[in-house]
Amino acid sequence: MSTLAQKRALVLGGSRGIGAAIVRRLARDGADVTFTYSGSADAAQALAEETGAKTVQSDSASRDATTRTVREAGPLDILVVNAGVAMIGEAVELDPDGVDRMIDINIRSPYHASVEAAKTMADGGRIVIIGSVNGDRVPFAGGAAYGMTKSAMQSLARGLARDLGPRGITVNVVQPGPVDTDMNPADGPMRDVMHSFMAIKRHGTPAEIAGMVAYLTGPEAGYVTGAMHTIDGGFGA
Ligand code: NDP
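As the structure is a prediction and not an experimental result, all values here were calculated from the model.

Caption draft 1: Here's a closer look at the site of the ligand. Not every one of the 33 residues close to the ligand is listed here, only the nearest: Ser15, Arg16, Ser40, Tyr146 and Thr181. Here Arg16 contributes a side-chain N or O atom positioned 2.7 Å from an oxygen atom of the ligand. Between the ligand and Asp59 there is a distance of 2.8 Å, counted from a nitrogen atom to a side-chain nitrogen or oxygen. Here the ligand has 890 Å² of accessible area as a free molecule, and 94% of this is covered by the chains. Mapped onto the shell around the ligand, the elements with two or more residues apiece are α1 (17–28), α4 (96–120) and α5 (144–164). Split into classes, the residues belonging to the shell around the ligand amount to 12 nonpolar, 16 polar and 5 charged.

Spelled out as structure tokens, the structure:
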């Protein structure tokens, strides 16, 4: 069913993992999709050919690149900010430059992209940011900086929802638990620790996360805004 026909969508960070599943799902639902990548040119090209989406190289660590990309892809009906990196490790040992780069990608980019999109976004538009269950809970050592970046998405959504509500634009955060991607492979070293916290003892699939994004970007979700939508197999239950 083409629930997103005539909708123009931009997915920041769409070349791999959860972002690629979101690109596939929005394209399948009829949207005119553009997605960005940073380093994975071959994967981006293959996904563009598979889905008919347009792709553009744009580093989410750069505010100028992000706002230019949003401007050029717009005016948008749908913005999904998925690009993210995870630096996990003891706080006293993490490279501060790497932490600052994570802050640029995980916090500054979602803020500036959302605001830039909002300038020209159609009434009734949709902004979805991929946060993390670690925005709510950090049940292991080494997650301070990453968890901080994902908690920041919560206030961004709450505040921006109020700014944009008069135009019928919704702003939501999807908070996955462990999802089987390059970032967090289902057979990785953290698997048993993570599964021990969970009600459903498996990693989620990127397609499961994309399904929630499809609902939030779709026509039935116009009354859902300023909210966090956790999809984590009970990780945080
Ligand atoms: P992956 O590492 O598998 O993929 C990351 C995607 O983001 C790639 O398409 C990558 O593009 C893109 N990206 C990363 N940095 C940049 C950048 N500087 N500029 C543009 N694009 C960039 O991660 P996941 O799919 O697992 O994660 C996606 C999102 O979901 C992230 O925000 C992550 O924090 C969040 N998340 C993931 C969980 C998990 O368990 N997997 C759990 C909770 C949240 P490229 O390769 O081209 O650089």
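On we go from here.
Caption draft 2: Geometry of the sheet that holds strand β6 (residues 170–176). Here 7 strands make up an open sheet; going across it, the order is β3-β2-β1-β4-β5-β6-β7 and the pairing parallel. Across the chains shown, the open sheet's two edge strands, defined by having one partner strand only, are β3 (54–57) and β7 (227–231). Sheet twist, expressed as the average angle between the axes of neighbouring strands with direction ignored, equals 20 degrees. Direction of pairing for strand β2 (residues 32–37) relative to β3: parallel, over a ladder of 4 bridges. Across the sheet, the residue bridging to Thr36 is Val56, located in β3. Set on the sheet, helix α7 (residues 206–217) makes contact with β4 (78–81), β5 (126–130), β6 and β7; between it and β6 the angle comes to about 165 degrees.

Caption draft 3: Layout of the pattern of salt bridges. The full count for this structure, using the stated rule, is 11 salt bridges. For Asp182, the salt bridge goes to Arg16, with nearest N and O atoms at 2.8 Å. Placement of Asp182 in the loop between β6 and α6 (191–197) and of Arg16 in the loop between β1 (8–12) and α1 is noted, with a sequence separation of 166 residues between them. According to the relative accessible area criterion, Asp182 is exposed, its value standing at 58%. For Arg16, a relative accessible area of 43% corresponds to the partly exposed category. Close ionic contact of Arg191 with Asp192 constitutes a salt bridge, the shortest N to O distance being 3.5 Å. Owing to a relative accessible area of 37%, Arg191 belongs among the partly exposed residues under this scheme. Classification of Asp192 as exposed rests on a relative accessible area of 59%. Here the salt bridges do not stand alone but share partners, grouping Arg71, Glu116 and Lys119 into one network.

What counts, and at which threshold
Residues numbered from 1 in each chain as written. Predicted model: local features only at pLDDT ≥ 70, side-chain atom pairs only at ≥ 80, totals over all residues. Heavy atoms only, no water. Near = heavy atom within 4 Å. Polar contact = N/O pair within 3.5 Å; in protein donor to acceptor, adjacent residues only side chain to side chain. Areas by Shrake-Rupley, 256 points an atom, 1.4 Å probe, with all protein chains shown as cover. Helix = DSSP H or I, 4+ residues; strand = E, 2+ residues; numbered from the N terminus. Nonpolar A, V, L, I, M, F, W, Y, C, P; charged D, E, K, R; others polar. Pairing = 2+ DSSP bridges. Axes fitted to C-alpha atoms, helices over the stretch in contact; angles between N-to-C directions. Contact = heavy atoms within 4.5 Å. Salt bridge = Lys/Arg side-chain N within 4 Å of Asp/Glu carboxyl O. Buried < 20%, exposed > 50% of the residue type's maximum accessible area, 1.4 Å probe, protein only.

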